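# Coordinate inspection notes
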Amino acid sequence: MVWAVLCAALCAVLAVWEQLDRGRASRRAESLFGLAGGGGRANGTGPAVRWKAAPTWERAAKAVRDRLAGLGKEWFCVPVAAALALWGESVLPLVAGAAAVPLVGRRLRAGERRRCAERREEAVRGLCDVLVGELRAGAQPAEALTAAVRTVGGDLSGPELALVVAAARFGGDVPEALRKAASQPGAEGLVGVAACWRVAVDGGAGLAAGLDRLRAALRAQRDQRESMRAQLTGAWSTVVVLALLPVVGLAMGWAMGADPMGVLLHTSAGLGCLAVGGLLEALGFWWAGRIVRGGSAGASASGSAGGGAS
């Protein structure tokens, strides 16, 4: 009965959504081709087109849809928890889903920050490549750095890189500007660029040769991290499978005709088992993730030390 109600509600939501999309498409066509009102003529002398205000329910649906589009992915925990609450006829899954929203959001934001840092690392490597190419083509260091920043752009753009370009163009302290730009996560390689620039300016050494060694070290660090990540994929898969085993057990119990949700949510023994099992599951998942992250961090630290030594 619960599943039938859920399916009916989902079908109704999809039908309303499709109707709204059709209405929006038809209004766009009317505004483009002058089909509204039916009284307009091709020579433009017909009566002016008058738009009717959208119905209240349509405006409300549009506002809800815009608000949902602005929410993060972590809010998908709420409808899943609501479905489980309807299935188990208890409010506990809904409370757990609401509590999981900030935790999942924190995890998603951490992943997004990690991906941004990796994109900045790739941009720094691209900056070194373009800079070395410009220098070997005969460009002056300031001109080469300005061209490299303009070519790479993207994830390295910002006020820090604008200060670097200004310092290179107007004779400022380029190494200091590069060190400030290196404060962004993933842009730490710019510290090496600043050191190469300082050595080339003060000691007269070749800037292109130093940057060549720097980009080789950065590539070696990236390759080591990717190799370690590939080796840890199996460990992460094992952690995820072990974390999903209780869900598989509940599904098997429901398929055999039992009522696992009713036992867990409506009996004292079930509530105790749910609390202890949930705590052990969280601790096991945290500990396994800590072990895997510790191995990855150790490999990254050794890679950074090796890159600095090179």
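Heads up: the structure comes first, above all this text.
Predicted, not measured: the structure shown is a model, and the values here were computed from it.

So, on to the overall build of the chain. When its secondary structure is counted, the chain shows eleven helices and zero strands. The order of α-helices and β-strands along the chain, N terminus first, is α-α-α-α-α-α-α-α-α-α-α. Out of the 310 residues in the chain, the part that is buried amounts to 25%. A sequence separation of at least 24 residues applies to 57% of the contacts in the chain between residues at least 6 apart.

On to a nonpolar patch on the surface, then. A cluster of nonpolar residues, Val-276, Leu-279, Leu-280, Leu-283, Trp-286, Trp-287 and Ile-291, forms a patch on the protein surface that exposes about 770 Å² of accessible area. One can find Val-276 in helix α11 (residues 268–309).

If you look at the biggest cluster of nonpolar residues, it comprises 32 residues, and the most contacted ones within it are Leu-131, Leu-145, Leu-190, Val-193 and Leu-211. Discounting residues that sit within four places of it in the chain, Leu-145 has contacts with Leu-131, Val-164, Ala-168, Val-174 and Trp-197.

Here we come to the pattern of salt bridges. This model, assessed by the stated rule, comprises 14 salt bridges. A salt bridge links Glu-121 to Arg-225; its shortest N-O distance comes to 2.9 Å. Here the residue Glu-121 occupies a position in helix α4 (residues 92–136), and Arg-225 occupies one in helix α9 (residues 207–255), the gap between them amounting to 104 residues. Arg-215 is the salt-bridge partner of Asp-212, the closest N and O atoms lying 2.6 Å from each other. Within this pair, Asp-212 and its partner Arg-215 are both found in helix α9, separated by three residues, close to a single helical turn. Take Asp-212: its relative accessible area is 23%, and that puts it in the partly exposed class. Owing to a relative accessible area of 15%, Arg-215 belongs among the buried residues under this scheme. What you see here is one network of salt bridges that share partners, running through Asp-129, Arg-136, Asp-212, Arg-215 and Arg-219.

Attention shifts here to the packing of helix α5 (residues 141–152) against helix α6 (residues 159–170). For the pair α5 and α6, the least separation of the axes is 8 Å and the interaxial angle reads 155°. Compared by their axis directions, α5 and α6 come out roughly antiparallel. Every pair of crossing elements has a handedness; the one defined by α5 and α6 is left-handed. Residues Ala-142, Leu-145, Thr-146, Val-149 and Arg-150 of α5 form the contact with α6, whose own contacting residues are Leu-161, Val-164, Val-165, Ala-168 and Arg-169. Classifying every residue of the contact of α5 with α6 by side-chain character gives seven nonpolar, one polar and two charged.

Our focus in this paragraph is the packing of aromatic side chains. Throughout the structure, instances matching the rule amount to one aromatic pair. Seen from their ring centres, Trp-286 and Trp-287 are 6.0 Å apart, and the 50° between their planes marks the pair as tilted. Exposure remark for Trp-287: the relative accessible area of 46% places this residue in the partly exposed category.

Before going further, it helps to spend a moment on the environment of Gly-270. By secondary structure assignment, the location of Gly-270 is in helix α11. Residue classification places Gly-270 among the buried positions, given a relative accessible area of 4%. Measuring from C-alpha to C-alpha, the distance between Gly-270 and Pro-260 comes to 8.8 Å, with ten residues separating the pair along the chain.

With that out of the way, let us pick up the environment of Trp-286. Mapped onto the fold, Trp-286 is located in helix α11. Taking the C-alpha atoms as reference, Trp-286 lies 9.7 Å from Val-239; in sequence the two are 47 residues apart.

Positive charge collects at one region of the surface, where Arg-107, Arg-114, Arg-290 and Arg-293 lie side by side. For the positive patch, the elements supplying multiple residues, two or more each, are α4 and α11.

Here we come to the state of the cysteines. Throughout the structure, instances matching the rule amount to zero disulfides. Cys-128 takes part in no disulfide bond, and the closest cysteine sulfur to it belongs to Cys-196, at a distance of 7.8 Å.

Cut-offs used in this document
- Residues numbered from 1 in each chain as written.
- Predicted model: local features only at pLDDT ≥ 70, side-chain atom pairs only at ≥ 80, totals over all residues.
- Heavy atoms only, no water.
- Helix = DSSP H or I, 4+ residues; strand = E, 2+ residues; numbered from the N terminus.
- Buried < 20%, exposed > 50% of the residue type's maximum accessible area, 1.4 Å probe, protein only.
- Contact = heavy atoms within 4.5 Å.
- Patch = residues over 30% accessible without salt bridge, like charges linked within 9 Å, V, L, I, M, F, W, Y side chains within 5 Å.
- Areas by Shrake-Rupley, 256 points an atom, 1.4 Å probe, with all protein chains shown as cover.
- Salt bridge = Lys/Arg side-chain N within 4 Å of Asp/Glu carboxyl O.
- Core = buried A, V, L, I, M, F, W, Y, C linked by side-chain atoms within 4.5 Å.
- Axes fitted to C-alpha atoms, helices over the stretch in contact; angles between N-to-C directions.
- Parallel < 35°, antiparallel > 145°, perpendicular 65-115°, else oblique.
- Left-handed = near helix turned anticlockwise from the far one by under 90°.
- Nonpolar A, V, L, I, M, F, W, Y, C, P; charged D, E, K, R; others polar.
- Phe/Tyr/Trp six-rings, centres within 6.5 Å; stacked < 30°, edge-to-face > 60°.
- Lys, Arg positive; Asp, Glu negative; His and termini not counted.
- Charge placed at Lys NZ, Arg CZ, Asp CG, Glu CD.
- Disulfide = S-S within 2.5 Å.

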